[in-house]
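Letter by letter, the chains look like this.
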There are 2 protein chains.
Amino acid sequence: MKDVLDRVDADREESVRRLEEFLRIPSISTDAERAGDVRRAADYLAGVFRESGVKKVEVLPTKGHPIVLAEHLEDPSAPTLLVYGHYDVQPIANRAEWKSDPFVPEIRDGKIWARGATDDKGQLLTHVLAAKAHLDVRGRLPLNVKFLIEGEEEIGSEHLDGFVRENRERLACDAIAISDTAMYSPEIPSICTGLRGIAYTEFTIRCATSDLHSGSFGGAVDNPALVLAHLIAGLKDEETGRVLIDGFYDGIIEPTQDERDRWAELPSPDAKYLEMTGVPALYGERPYPVLERIWARPSLDVNGIWGGFTGKGSMTVLPARASAKVSMRLVPGQSPKDVAKKLEAHLRKHLPKTAVLERFEDLHGGQPWVAELDHPAVQAAFRAVEQGFGKKPVPSREGGSIPIVQLFTETLRAPAVLMGFGLHDEGAHGPDEHFDLGNFLAGIRSAACYFDEFPRAVSRA
Amino acid sequence: MKDVLDRVDADREESVRRLEEFLRIPSISTDAERAGDVRRAADYLAGVFRESGVKKVEVLPTKGHPIVLAEHLEDPSAPTLLVYGHYDVQPIANRAEWKSDPFVPEIRDGKIWARGATDDKGQLLTHVLAAKAHLDVRGRLPLNVKFLIEGEEEIGSEHLDGFVRENRERLACDAIAISDTAMYSPEIPSICTGLRGIAYTEFTIRCATSDLHSGSFGGAVDNPALVLAHLIAGLKDEETGRVLIDGFYDGIIEPTQDERDRWAELPSPDAKYLEMTGVPALYGERPYPVLERIWARPSLDVNGIWGGFTGKGSMTVLPARASAKVSMRLVPGQSPKDVAKKLEAHLRKHLPKTAVLERFEDLHGGQPWVAELDHPAVQAAFRAVEQGFGKKPVPSREGGSIPIVQLFTETLRAPAVLMGFGLHDEGAHGPDEHFDLGNFLAGIRSAACYFDEFPRAVSRA
């Protein structure tokens with residue numbers, strides 16, 4: 001692999017130039033007026049694939065933004081890797097919060113600053129440029145690769161689901177590689193081996209049928225916001241941080257001892273979390289350490305709460321209704337529908353007879369996911385990233401969900417490999433988004449090594 | 001008094017005509033465009049005073065709407081009664097909800113339908129027309145009367161306080177009569193002998209300094225809406241309905257045994273409250289009956305609650321802040337400032353170290369009030385209403401506050417007498433406001449009798 005890696009290193013400036021060009025295109029998928037730019041980004045990316053020597057490159061229309069599908073099939077008997085990424089970017093909420101123009105990339109402090117740098121143009125390009133290095137040096141790839149790069153990730157991947165289901169055969173693969181997550185820390189590369197699922201609900205408590213005067217009725221009619229407070233307070237034990245919904249923890253699959261051991265070796269994230277969030281003290285379920293709370297324990301949060309008079313001043317209303325959005329992050333062994341049902345049952349059980357659960361909606365759910373740690377495609381990724389970064393990566397997890405991981409693994413029946421080259425503080429979705437160019441290069445090297453490690457590991461298995 | 005009461009009865013149609021004319025003037029004090037109409041209502045009322053033979057009638061400017069001050073001083077040695085009322089009315093929130101034009105009075109089913117009918121044009125007019133009947137029949141009044149009728153009651157009586165304080169001497173009196181409350185029921189006239197006070201607060205709980213992603217941080221950072229729910233839930237015992245703030249009930253003055261006995265004789269209001277509010281079951285502090293809960297027990301209500309994402313759909317935010325407006329209705333022995341302080345202390349005591357009480361505001365307070373039941377001016381009112389309605393009135397209370405009662409009793413150092421002729425379901429502040437014409441007439445009779453009973457009782461005392 002020295003020849004390919006040397007080429008990656010030698011092409012550093014050329015790679016950065018391509019990334020800069022890619023970042024200049026404001027492919028904001030949520031902005032209807034940018035539809036032309038989104039299309040332009042797809043075409044630019046298709047051009048990079050073609051220049052790299054990838055055999056078959058198509059920009060396929062959907063009912064929304066197009067999908068770039070690039071296939072380089074070397075040998076029907078060789079293992080096949082599907083690489084997923086997205087070329088669309090988040091909008092710019094407030095230009096004034098940015099140090100430089102989000103669509104005029106600047107290089108400062110070894111980082112490239114622009115919208116989409118880390119999420120996901122920079123990260124997806126590592127795999128494209130890894131293929132280019134292989135093809136430049138050796139004229140061929142050691143595996144079959146299919147790149148599926150969509151333009152709607154930031155708006156919920158609306159048309160991806162249908163596309164993947166309809167093209168199941170064309171997308172058939174032995175594993176799916178995704179670079180859209182973050183490393184554990186700038187010094188510690190990682191493979192993401194787990195994502196939490198989610199069960200998101202909304203409900204309304206009613207007492208009276210319309211708002212009342214709190215003087216005329218206060219003390220004789222129950223208050224829905226007070227009932228809501230009692231119900232929500234009853235969902236979690238304040239002392240232990242444990243969720244009190246009957247059966248909530250049933251069937252949970254704990255992380256392996258090996259995972260726990262490796263997490264325990266990581267530098268404590270507590271100081272970083274305190275700084276990032278500004279909370280007076282960290283919080284969570286006892287006796288778990290912070291990383292395990294976010295990575296491997298389910299949680300329950302109130303995402304929104306409202307009722308009564310919320311304007312300025314004092315209106316003496318005894319509200320008729322109060323509502324909340326409550327979501328739970330799930331870990332392997334839990335299912336969104338089941339957990340939402342358990343929450344509803346809990347609310348009904350604890351509802352006083354002075355109030356009514358007027359509405360309970362299971363708004364949305366996502367399955368938790370864990371990597372098949374023993375799978376050769378996953379093992380190969382650990383080796384590839386170690387070569388690419390010159391450091392052993394750790395198996396880390398993320399507390400959020402990436403719905404497409406579930407889509408790919410279920411529809412294509414292949415394991416997902418999440419090798420993230422971003423960093424948590426690189427401003428994805430916020431102002432001053434950037435991408436560390438050292439990680440960009442190490443990412444290309446890692447992806448190049450994965451093209452080498454993956455087929456050997458998977459053939460052997 | 002037969003002569004005067006006969007005259008009141010004989011003048012029935014003339015009295016209703018005056019009320020109709022008064023109600024035609026849309027004196028909506030909150031609507032700047034109606035300032036001319038508000039002024040016109042003041043002038044109309046001044047005209048009625050003059051036609052009635054009241055000696056000195058003035059429309060006095062304030063920085064807002066004018067005050068009508070009408071004085072009829074017969075004899076410096078006679079007792080003096082101050083009658084308070086307001087000629088301004090509530091706005092019309094939704095014309096479509098009204099059966100007839102709110103400013104074209106209609107008489108249907110023995111009631112007059114128009115904005116301001118019961119609140120307070122109809123009620124205040126009873127005292128004016130009572131004076132007229134006395135003066136028509138006897139050419140003189142058996143007491144000194146001062147009428148203070150303001151035009152800003154529905155917008156918080158902003159300029160009344162200053163006016164009363166500046167005119168303390170001119171307004172000097174032996175009692176203040178106010179007809180702006182409701183009878184216990186259509187069959188049971190009542191004198192209002194108590195009003196609850198209020199302590200109205202607003203506060204904000206903060207955990208993180210800005211909104212976070214509930215996937216990335218949920219379970220390791222506390223949730224301010226959850227903390228708020230725990231704190232609010234901790235303010236009241238769900239089983240007993242008792243407020244759990246330390247010292248909340250300290251020093252409360254219970255109603256007299258006589259009051260309790262007379263309340264116990266009243267028909268139970270439970271069915272009426274169930275119907276009026278639509279709650280699945282009534283609620284409240286044990287072991288008190290509903291009337292006592294509203295009339296003589298303090299209460300605590302959440303008037304508003306908000307935090308996080310409250311729009312449509314599912315946003316996975318872990319909010320930085322959550323807020324609530326919490327108010328407490330107070331009874332004699334409690335003070336608004338003291339109770340607000342006790343609430344703040346309670347919140348601070350129970351606040352987990354993972355959250356911050358970022359803001360606590362004592363937004364507004366009002367003292368509770370109880371009538372001096374043994375005062376001759378109050379006793380005289382019971383006799384007058386009995387004569388006016390032909391039925392013994394009951395001492396009732398109201399759960400709300402009437403801030404001007406406190407203003408008058410404290411500034412003028414005289415007892416207040418609240419003889420309400422309205423009914424609870426007459427649509428004050430809502431659509432289809434109306435006033436029962438039988439009660440209008442009985443109200444004029446009662447007010448006429450009070451002009452007779454009051455000076456005799458007070459002189460004797």
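Up top is the structure.
Since the model is a prediction, treat every value here as computed from it, not as a measurement.

A. Looking closely at the sheet that holds strand β18 (residues 434–436) of chain A. Residues and elements named next belong to chain A. The strand order across the open sheet built from 3 strands is β4-β5-β18, with neighbouring strands paired in antiparallel fashion. Taken across any chain shown, the strands that pair with only one partner, and hence form the sheet edges, are β4 (106–108) and β18. Averaged over neighbouring strand pairs, the angle between their axes works out to 25 degrees when direction is ignored. Sheet analysis places β4 next to strand β5 (residues 111–113), joined by 3 bridges and oriented antiparallel. Across the sheet, the residue bridging to Glu106 is Trp113, located in β5. This element, helix α4 (residues 117–138), spans β5 and β18 of the sheet and lies at about 45 degrees to β18. Contacts between helix α14 (residues 437–460) and the sheet are confined to β4, β5 and β18, with β18 contributing the most and set at about 60 degrees to the helix.

B. Here's a closer look at the packing of aromatic side chains. All names here are of chain A. Using the criterion set out here, one finds 22 aromatic pairs over all chains in the structure. Seen from their ring centres, Phe248 and Tyr249 are 5.0 Å apart, and the 90 degrees between their planes marks the pair as edge-to-face. Ring geometry for Phe435 versus Phe440: centroids 5.9 Å apart, planes at 65 degrees, classification edge-to-face. Both residues of the pair, Phe435 and Phe440, count as buried. Among the aromatic side chains, those forming a connected cluster through ring pairs are Tyr184, Trp263 and Trp295. The ring of Tyr184 has Lys272 lying over it, and the distance from NZ or CZ to the ring centre is 5.5 Å.

C. Spotlight on the side chain of A:Gln90. All names here are of chain A. Residue placement: Gln90 occurs in the loop between β3 (80–86) and β4. A distance of 2.9 Å separates a polar atom in the side chain of Gln90 from a polar atom in the side chain of Glu154. The residues touching Gln90, leaving out its near neighbours within four places in the chain, are Ile28, Arg115, Glu154 and His429.

D. Representation of helix α1 (residues 2–10) of chain A within the structure. Residues and elements named next belong to chain A. Every buried residue belonging to α1 is among Val4, Leu5 and Val8, and all of these are buried. Down the axis, α1 shows its buried residues gathered within 95 degrees of arc, on one side only. In α1, the exposed residues that point more than 90 degrees away from the buried face are Lys2 and Ala10. In this structure, the buried side of α1 is in contact with α2 (12–23), α4 and α14.

E. Representation of the pairing of strand β13 (residues 321–330) of chain A. Residues and elements named next belong to chain A. With respect to burial, β13 is a largely interior element, 9 of its 10 residues being buried. In this sheet, β13 lies alongside strand β9 (residues 197–206) in antiparallel orientation, the contact comprising 10 bridges. Among the inter-strand pairings, Tyr200 is bridged to a residue of β13, identified as Ser327. In terms of strand pairing, strand β11 (residues 299–308) meets β13 through 8 bridges, oriented antiparallel. Bridged to Ser299 within β13 is Arg329.

F. Broad picture of the relation of the copies chain A and chain B. When chain A is brought onto chain B, the operation consists of a screw motion whose angular component is 180 degrees and whose axial shift is 0.1 Å, with 0.2 Å RMSD remaining. The superposition of one copy onto the other is thereby described by a two-fold rotation axis. Interface overlap between copies is the fraction of interface residues in one copy that are interface residues in the other; for chain A against chain B it reaches 100%, indicating a shared surface.

G. Highlighting the nonpolar core. Core analysis: the largest hydrophobic core is formed by 106 residues, its most contacted members being A:Phe203, A:Met328, A:Leu343, B:Phe203, B:Met328 and B:Leu343. In this view, A:Met328 contacts A:Gly197, A:Ile198, A:Ala199, A:Thr201, A:Ile245, A:Phe248, A:Ser299, A:Leu300, A:Val339 and A:Leu343; residues no more than four positions away in its chain are not counted.

H. Examining the sheet that holds strand β14 (residues 356–366) of chain B more closely. On the basis of which strands lie adjacent, the open sheet formed by 8 strands has the order β14(A)-β9(A)-β13(A)-β11(A)-β11(B)-β13(B)-β9(B)-β14(B) and antiparallel pairing. Every interior strand has two partners, whereas the edge strands, β14 (356–366) of chain A together with β14 of chain B, have only one. Recorded for the sheet is a direction-independent mean angle of 20 degrees between the axes of neighbouring strands. The pairing of strand β9 (residues 197–206) of chain B with β14(B) spans 9 bridges and is antiparallel.

I. Focus on the side chain of B:Glu453. Residues and elements named next belong to chain B. Mapped onto the elements of the fold, Glu453 is located in helix α14 (residues 437–460). Residue classification places Glu453 among the buried positions, given a relative accessible area of 9%. Here Glu453 is in contact with Ala380, Arg383, Ala384 and Gln387, once residues within four sequence places are set aside.

J. Seen up close, the packing of helix α7 (residues 224–233) of chain A against helix α7 (residues 224–233) of chain B. Viewed as axis vectors pointing N to C, α7(A) and α7(B) meet at an angle of 115 degrees, and their least axial separation amounts to 8 Å. In terms of orientation, α7(A) and α7(B) fall into the roughly perpendicular class. Handedness of the crossing formed by α7(A) with α7(B): left-handed. In contact with A:Leu226, A:Ala229, A:His230, A:Ile232 and A:Ala233 of α7(A), α7(B) contributes B:Leu226, B:Ala229, B:His230, B:Ile232 and B:Ala233. A breakdown of the residues in the contact of α7(A) with α7(B) according to their chemical character gives 8 nonpolar, 2 polar and no charged.

K. Region of the structure containing the pattern of salt bridges. For the structure on display, the rule yields 78 salt bridges over all chains. Notably, a salt bridge pairs A:Asp9 with A:Arg445, separated by 2.8 Å at the nearest N-O pair. Of this pair, A:Asp9 sits in helix α1 while A:Arg445 sits in helix α14, and the two are 436 residues apart along the sequence. For A:Asp9, a relative accessible area of 31% corresponds to the partly exposed category. Two residues, B:Asp136 and B:Arg7, come together in a salt bridge whose shortest N-O distance is 3.6 Å. With a gap of 129 residues between them, B:Asp136 in helix α4 (residues 117–138) and B:Arg7 in helix α1 (residues 2–10) connect regions that are remote in the sequence. Residue classification places B:Asp136 among the partly exposed residues on the basis of a relative accessible area of 29%. Judged by relative accessible area, B:Arg7 falls into the partly exposed class, the value being 31%. Three or more residues joined by partner-sharing salt bridges are found here, namely A:Arg242, A:Glu254, A:Arg260, A:Glu285, A:Glu292 and A:Arg297.

L. Summary view of the interface of chain A and chain B. Taken together, the contact pairs 76 residues of chain A with 76 residues of chain B. Across the chain A to chain B interface the summed buried area is about 5800 Å²; carbon plus sulfur atoms make up 60%. On the chain A side of the interface with chain B, the three residues burying the most area are A:His230, A:Tyr283 and A:Ile305, jointly 11% of the side's total. The tally of links between chain A and chain B comes to 0 salt bridges. At the boundary of chain A and chain B, one finds 34 residue pairs in polar contact (both at pLDDT 80 or more). For the side of chain A that touches chain B, the element with the most residues is β11(A), which contributes 10 residues. Taken together, the residues of the side of chain A that touches chain B break down into 35 nonpolar, 28 polar and 13 charged.

Reading the values: rules and limits
Residues numbered from 1 in each chain as written. Chains lettered and ligands numbered in written order. Predicted model: local features only at pLDDT ≥ 70, side-chain atom pairs only at ≥ 80, totals over all residues. Heavy atoms only, no water. Pairing = 2+ DSSP bridges. Helix = DSSP H or I, 4+ residues; strand = E, 2+ residues; numbered from the N terminus. Axes fitted to C-alpha atoms, helices over the stretch in contact; angles between N-to-C directions. Contact = heavy atoms within 4.5 Å. Phe/Tyr/Trp six-rings, centres within 6.5 Å; stacked < 30°, edge-to-face > 60°. Buried < 20%, exposed > 50% of the residue type's maximum accessible area, 1.4 Å probe, protein only. Lys NZ or Arg CZ within 6 Å of the ring centre and 35° of its normal. Polar contact = N/O pair within 3.5 Å; in protein donor to acceptor, adjacent residues only side chain to side chain. Arc of directions from axis to C-beta. Least-squares fit on C-alpha atoms with pLDDT ≥ 70 in both. Core = buried A, V, L, I, M, F, W, Y, C linked by side-chain atoms within 4.5 Å. Parallel < 35°, antiparallel > 145°, perpendicular 65-115°, else oblique. Left-handed = near helix turned anticlockwise from the far one by under 90°. Nonpolar A, V, L, I, M, F, W, Y, C, P; charged D, E, K, R; others polar. Salt bridge = Lys/Arg side-chain N within 4 Å of Asp/Glu carboxyl O. Buried area = accessible area lost by both parts, 1.4 Å probe.

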